Amino acid sequence: MKLYYDKRLKDPTYYIQQGFRNGKKTTTKNIKRLGKHSELLLITDDPLVYAKNEVKKMNEEYRSGRSEFVVTMDFNERIPSSDSPCSNSTSLNIGYLYLKDIYAKLNLSDFFKSVSSDRKITYDCNKICQFLTYARILDPASKYGTYDKLDTYYEKPQVEYQHMIRFLDILDRNSDKYLKHLFDNSENIVKRDTSVMYYDCTNYFFETEKPDEEIVDEVTGEIILGLRQFGISKENKTSPIVEMGLIMDSRGIPISMCIHPGNTNEQLTAVPLEKEVIKMTGNKKFIYCADAGLGSYNIRKFNDMGGRAYIVTQSVKKLGQEIKDIVFNDSNYRLLSNDDAITLKEMRTFNKKDANNLSLYNDFAYKVIPANTAMDTGLYEEKVYKNGRTKKVKAKGTLHQYIIVTFSRKMMEYQRTIRERQLERAKKLLRLKDPEKIKKGPNDIRRFLKNTSSDTANYVLDMDKIHEEEKYDGFYAVATNLDDSAKDILAVAQNRYKIEDCFRIMKTNFDARPVFLRKPERIRAHFLICYTALLIYRLMECKLDDNLTHVTTSNLIKTLRNMNVVNMDDMYYKSIYSGSQALDALERCFELQLNRKYYRPSDLNKIVKKFSK
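Calculation notes
- Residues numbered from 1 in each chain as written.
- Predicted model: local features only at pLDDT ≥ 70, side-chain atom pairs only at ≥ 80, totals over all residues.
- Heavy atoms only, no water.
- Helix = DSSP H or I, 4+ residues; strand = E, 2+ residues; numbered from the N terminus.
- Rg over C-alpha atoms; globule rule 2.2 N^0.38 Å.
- Buried < 20%, exposed > 50% of the residue type's maximum accessible area, 1.4 Å probe, protein only.
- Contact = heavy atoms within 4.5 Å.
- Areas by Shrake-Rupley, 256 points an atom, 1.4 Å probe, with all protein chains shown as cover.
- Lys, Arg positive; Asp, Glu negative; His and termini not counted.
- Charge placed at Lys NZ, Arg CZ, Asp CG, Glu CD.
- Phe/Tyr/Trp six-rings, centres within 6.5 Å; stacked < 30°, edge-to-face > 60°.
- Core = buried A, V, L, I, M, F, W, Y, C linked by side-chain atoms within 4.5 Å.
- Expected span 1.5 Å × (residues − 1).
- Polar contact = N/O pair within 3.5 Å; in protein donor to acceptor, adjacent residues only side chain to side chain.
- Pairing = 2+ DSSP bridges.
- Salt bridge = Lys/Arg side-chain N within 4 Å of Asp/Glu carboxyl O.
- Axes fitted to C-alpha atoms, helices over the stretch in contact; angles between N-to-C directions.
- Parallel < 35°, antiparallel > 145°, perpendicular 65-115°, else oblique.
- Left-handed = near helix turned anticlockwise from the far one by under 90°.
- Nonpolar A, V, L, I, M, F, W, Y, C, P; charged D, E, K, R; others polar.

Student: Please set out the overall build of the protein residue by residue, giving values where relevant.
Tutor: The helix and strand tally for the protein stands at 21 helices and 22 strands. The C-alpha radius of gyration computed for the protein amounts to 33 Å, which surpasses the reference 25 Å derived for 613 residues by more than 25%, pointing to a less compact arrangement than a globule. Viewed in the frame of its principal axes, the protein has a C-alpha envelope of about 115 × 75 × 55 Å. For the protein, the residues scored as buried account for 47% of the 613 residues in total. By sequence separation, contacts in the protein at least 24 residues apart represent 66% of the contacts at least 6 residues apart. Here the protein has roughly 34000 Å² of accessible surface; of this, 48% comes from carbon and sulfur atoms. Side chains of the protein give 102 positive and 84 negative charges; the mean places of these two sets differ by 2 Å.

Student: Summarise the packing of aromatic side chains; cite the residues concerned and give the values.
Tutor: Summed over the entire model, instances satisfying the criterion amount to 22 aromatic pairs. Relative to tyrosine 161, the ring of tyrosine 144 has its centre 5.2 Å away and its plane inclined at 80 degrees; by these criteria the two rings are edge-to-face. With a gap of 17 residues between them, tyrosine 144 in helix α6 (residues 143-148) and tyrosine 161 in helix α7 (residues 161-173) connect regions that are remote in the sequence. The exposure class of tyrosine 144 is partly exposed, given its relative accessible area of 45%. Between tyrosine 204 and phenylalanine 527, the aromatic rings sit 4.8 Å apart at their centres with planes inclined by 40 degrees, giving tilted as the arrangement. Highlighted residues: tyrosine 204 in strand β5 (residues 196-205) and phenylalanine 527 in helix α18 (residues 520-546), separated in sequence by 323 residues. We classify phenylalanine 527 as buried; its relative accessible area is 0%.

Student: Can you lay out the nonpolar core for me, pointing to particular residues and giving the numbers?
Tutor: Ranked by size, the top nonpolar core spans 157 residues in total, and within it Phe112, Phe167 and Phe527 carry the most contacts. Considering each element in turn, this core owes the most residues, 16 residues, to α18. Not counting residues within four places of it along the chain, the set of residues in contact with phenylalanine 167 comprises Phe112, Tyr123, Cys125, Ile128, Cys129, Leu132 and Ile529. Grouped together as the second largest cluster of nonpolar side chains are 10 residues, Leu34, Leu40, Ala51 and Tyr572 included.

Student: Break down helix α5 (residues 125-138) for me, citing the residues and quoting the values.
Tutor: Over its 14 residues, α5 runs 20 Å from end to end, which matches the ideal 20 Å to within 8%, given 1.5 Å per residue. Its side-chain oxygen at 3.1 Å from the backbone nitrogen of asparagine 126, aspartate 124 defines the N-terminal cap of α5.

Student: Quick rundown of the sheet that holds strand β16 (residues 402-407)? Include the residues and the values.
Tutor: The strand order across the open sheet built from nine strands is β9-β8-β5-β10-β11-β19-β16-β13-β12, with neighbouring strands paired in mixed fashion. The open sheet terminates on both sides in strands that have one partner only, identified here as β9 (254-261) and β12 (334-335). Sheet topology note: the strand β11 (residues 309-313)/strand β19 (residues 475-480) ladder contains three bridges and is antiparallel. Looking at the pairing, valine 312 lines up with alanine 479 of β19.

Student: Run through the pattern of salt bridges, naming residues and quoting values.
Tutor: Scanning the model with the defined rule gives 26 salt bridges in all. For arginine 8, the salt bridge goes to aspartate 6, with nearest N and O atoms at 3.1 Å. Here the salt bridges do not stand alone but share partners, grouping Arg416, Arg419, Arg447, Glu469 and Asp473 into one network.

Student: Residues and numbers for the environment of aspartate 83, please.
Tutor: Tracing the sequence through the fold places aspartate 83 in the loop between α2 (47-63) and β4 (92-93). By relative accessible area, which is 81% here, aspartate 83 ends up exposed. Spatially, the C-alpha atoms of aspartate 83 and asparagine 329 are 80 Å apart, while their sequence positions differ by 246 residues.

Student: Quick rundown of the sheet that holds strand β20 (residues 564-568)? Include the residues and the values.
Tutor: The antiparallel open sheet is built from four strands, whose spatial order is β4-β20-β21-β22. The two strands at the open ends of the sheet, each matched to only one other strand, are β4 and β22 (598-599). Bridging between strand β21 (residues 572-575) and β22 involves two bridges; their strand directions are antiparallel. Paired with lysine 574 across the two strands is tyrosine 598, which belongs to β22.

Student: Please provide a residue-by-residue account of the packing of helix α4 (residues 108-116) against α5, values included.
Tutor: Two numbers describe how α4 lies on α5: the axes approach to 8 Å, and their chain directions differ by 135 degrees. Considered as vectors, α4 and α5 are oriented oblique to each other. As α4 packs across α5, the resulting crossing turns out to be right-handed. In this structure, α4 uses Leu108, Ser109 and Phe112 to contact α5, whose residues at the interface are Cys125, Asn126 and Cys129. When the residues that make up the contact of α4 with α5 are grouped by side-chain class, the tally is four nonpolar, two polar and no charged.

Student: Any chance you could break down the side chain of arginine 522 for me, citing the residues and the numbers?
Tutor: Here arginine 522 is to be found in helix α18. The buried category is assigned to arginine 522, whose relative accessible area is 17%. A distance of 3.0 Å separates polar atoms of two side chains, one belonging to arginine 522 and the other to aspartate 169.

What follows is the structure, given as structure tokens:
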């Protein structure tokens, strides 16, 4: 701040002026009127010295974070006209600065400098990657939708739309290096625990009626399959899909990912990605954990060597008859909590309403069964014939493994309640007597119906099928080659929910689909951006957990999204968001001082500059 007065006047008016820098714009405003020379003579012998002392005092207050402004408002003043077809909000988001803190520690600016050093690129790849990632978390939209809202961020990055699209090609060409760089540098933020790696796959459908066409390489004759293909979808969609494989560590932080055509057998995706992760981690030993669909004989065999191990869900229904007899036999069952002996009969018949049995109702009975041949677990392997065709055949190899079977009274009650509801719906469907609607599926109500006549439609409840399913109520099993305690192994398996949570966040909170892109390389790059957003979010979540604070996904994202400020005549910014537990937790963890009611432009610029080095 400085003193301003017109030295040419006999009775000048003294003002305190302050210069404001807001981005590239610099303005000077009179923020306080001290009075005319003649007016100040009434309170002091030397008005000039008095005015200079007032400037000095205000400068000291400003440095301490306090300032006093005189603001003049004209309620008749109109908003300046503009050629814009619609009015836009002038609020700016600063919540993304918390994300920027984590992004900066990933050192992606160095990565993009290295991969673009030998190319004549006129745009900033790192800046594009940054704001595509922030937008995926805070305001997911198409690439053009993101471009259209870049001026809603405090920095107002200057990026051309065509450059955003071309950046996707660069990202896809360097995807393997990119994933490794993210993993290596994530250690700068949170200590990674890769002792257990969880793997799963999901599908994303596209709003198109035709799959991508196959491309034949003119030189090699190789057939390159299009990315968007018809495949099995849990959502029963008839649209082409793309398959994503994701591998994460024991804390739920992603390690790597892969994208495949929608008709790819998911069991064939696990081992190739594992091999990439082994290179990425420097050949570290780990435990592979997945559900039954990703626990084929070949996957188990791969993870039974090199010091690795596996824990995979095992279907009790698919076990060999000899193993099933052991499962249903009452002997050798023990409680998971204290290892006391117990029988299945006792677990099924105790009084669950007795308060003394509450701990037993929440407990599990378990049994460890050696299953050293692949035939015991009903496993299949891919057999490749001379003509190149593949066929699933029963695996005949031998694996040193155990089946850990658990029984839960609570789970049995739950499964039977679900079945009773399904049977009621099946009876209702039966009353319709519409054979065309009765098509059996493995998990729907129509599996309980059968036609008793070969000539006419005479559908009834299949009681044999119902009784057969009831046998398995309450049972759960995992297969493993570890010799550890059953309690420790089951604890590892129970964390598989975290990878499902990763997919839920990407699909629900980050709107990973619909994908407004057509070229395979750009579709893959889109999912790399979604993966980066997930990684940054999970790292933030872990930092908060390490700080003994947990914030739900919806509350955390909503808080970051609502952290907007408005520019008050280029003099300062005013917060237009409220305080919350989520904001307090973020501030305790990151200490960016973004819980203030007012901000000087220089304060926000310092934060941006700090993370832009």
